[in-house]
Amino acid sequence: GDSVTQKQGQVTLSEDDFLFINCTYSTTTYPTLFWYVQYPGQGPQLLLKVTTANNKGISRGFEATYDKGTTSFHLQKASVQESDSAVYFCASPRAGGADRLTFGKGTQLIIQP
Amino acid sequence: NAGVIQTPRHKVTGKGQEATLWCEPISGHSAVFWYRQTIVQGLEFLTYFRNQAPIDDSGMPKERFSAQMPNQSHSTLKIQSTQPQDSAVYLCASSPDSLEQYFGPGTRLTVL
């Protein structure tokens, strides 16, 4: 089965709303997890990474916390802006530390002005 | 730092023709990865190299796809006898340590 699972295909918010995007991982997933963001016409950009060492990643106002209890590392942002409109992917290296990434299906974030 | 460079950005081929896609990784990065992105399948791993050596090609369709990395400054993905189902965005990524991967803008392949 998949290493990471994103159930939300699309999220629509207004500016200054709180953002929460779900991602769960398999228990055999290698303990470094990533969030990527993709804008139209571009490749995915690394947004942040989370490891078991620090349990939390923060970048550009986004935050993800590693939660072993719920096997999740949801992406959050306190106040979204229109420029945050993009597709967000969670990803993990294949179990065992191999280098290829397995990506979730992606969540399209639409921010209404 | 120019980032990962992929050429061409767009390629249109007729069914049965060959397509060659190019990737120039970030200088100093030891690993190069190829992925394919479609609406239906999402982002799928194809193959990767470390220090120019092929490490894992388990995502490659065996019959018509091949990838090479003849030197540390570029890698190619070749698709022979292209089919409409090969239409996708092909993404190349490079990595300094095989964990954090940095993607290029992709090549959009359209097979008519």
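Reading the values: rules and limits
- Residues numbered from 1 in each chain as written.
- Chains lettered and ligands numbered in written order.
- Predicted model: local features only at pLDDT ≥ 70, side-chain atom pairs only at ≥ 80, totals over all residues.
- Heavy atoms only, no water.
- Pairing = 2+ DSSP bridges.
- Helix = DSSP H or I, 4+ residues; strand = E, 2+ residues; numbered from the N terminus.
- Axes fitted to C-alpha atoms, helices over the stretch in contact; angles between N-to-C directions.
- Polar contact = N/O pair within 3.5 Å; in protein donor to acceptor, adjacent residues only side chain to side chain.
- Contact = heavy atoms within 4.5 Å.
- Core = buried A, V, L, I, M, F, W, Y, C linked by side-chain atoms within 4.5 Å.
- Buried < 20%, exposed > 50% of the residue type's maximum accessible area, 1.4 Å probe, protein only.
- Salt bridge = Lys/Arg side-chain N within 4 Å of Asp/Glu carboxyl O.

(A) Here's a closer look at the sheet that holds strand E8 (residues 74-79) of chain B. Residue and element names in this part refer to chain B. One open sheet holds the four strands; their spatial order is E1-E3-E8-E7, and the pairing between them is antiparallel. Each having just a single partner strand, strand E1 (5-7) and strand E7 (65-71) make up the two edges of the open sheet. Neighbour to neighbour, the strand axes of the sheet diverge by 20 degrees on average, direction disregarded. Relative to strand E3 (residues 19-24), E1 runs antiparallel, the two being bridged by three bridges. Bridging from a neighbouring strand, Ile5 pairs with Glu24 of E3.

(B) Fine view of the sheet that holds strand E7 (residues 56-59) of chain A. All names here are of chain A. Here we have four strands laid out as an open sheet, ordered E3-E9-E8-E7, and antiparallel in their pairing. Two strands bound the open sheet, and with one partner strand each, they are strand E3 (19-21) and E7. Strand after strand, the sheet turns through a mean of 15 degrees between neighbouring axes, direction not considered. Here three bridges tie strand E8 (residues 62-65) to strand E9 (residues 75-77), and the two strands are oriented antiparallel to one another. Bridging across to E9, Ala64 finds its partner in Leu75.

(C) Looking closely at unusual backbone geometry. Residue and element names in this part refer to chain B. With an omega of -10 degrees, the peptide bond between Thr7 and Pro8 qualifies as cis. Along the chain, Pro8 falls in the loop between E1 and strand E2 (10-13). A positive phi angle, close to 75 degrees, is found at Gln52, a residue other than glycine. Considering the arrangement of structural elements, one finds Gln52 in the loop between strand E5 (42-50) and strand E6 (53-56). Here the phi dihedral of Ser81 falls at roughly 45 degrees; this positive angle occurs in a residue that is not glycine. Among the structural elements, Ser81 can be located in the loop between E8 and strand E9 (88-95).

(D) Expanded view of the side chain of Ser59 of chain A. All names here are of chain A. One can find Ser59 in strand E7. Engagement of the side chain of Ser59 in a polar contact is seen with the backbone oxygen of Leu47, the distance being 3.0 Å. If near-sequence neighbours (up to four positions away) are discounted, Ser59 is found in contact with Leu47 and Leu48.

(E) Here's a closer look at the nonpolar core. Formed by 24 residues in total, the largest nonpolar core has its most connected members in Leu19, Trp35, Leu47, Leu48, Phe73, Leu75 and Tyr88 of chain A. Listing elements by their share of this core, those giving two or more residues are strand E2 (10-14), E3, strand E5 (32-38), strand E6 (45-51), E8, strand E10 (86-93) and strand E12 (107-112) of chain A.

(F) Focus on the pattern of salt bridges. This structure, assessed with the given rule, holds seven salt bridges over all chains. As a salt-bridge pair, Arg100 of chain A and Asp56 of chain B come within 3.8 Å of each other at their nearest N and O atoms. Residue Arg100 of chain A is found in the loop between E10 and strand E11 (101-103), and its partner Asp56 of chain B is found in strand E6; the two belong to separate chains. Residue Asp56 of chain B is classed as buried on the basis of its relative accessible area of 11%. The salt bridge involving Lys62 of chain B is made with Asp57 of chain B; its shortest N-O contact spans 3.3 Å.

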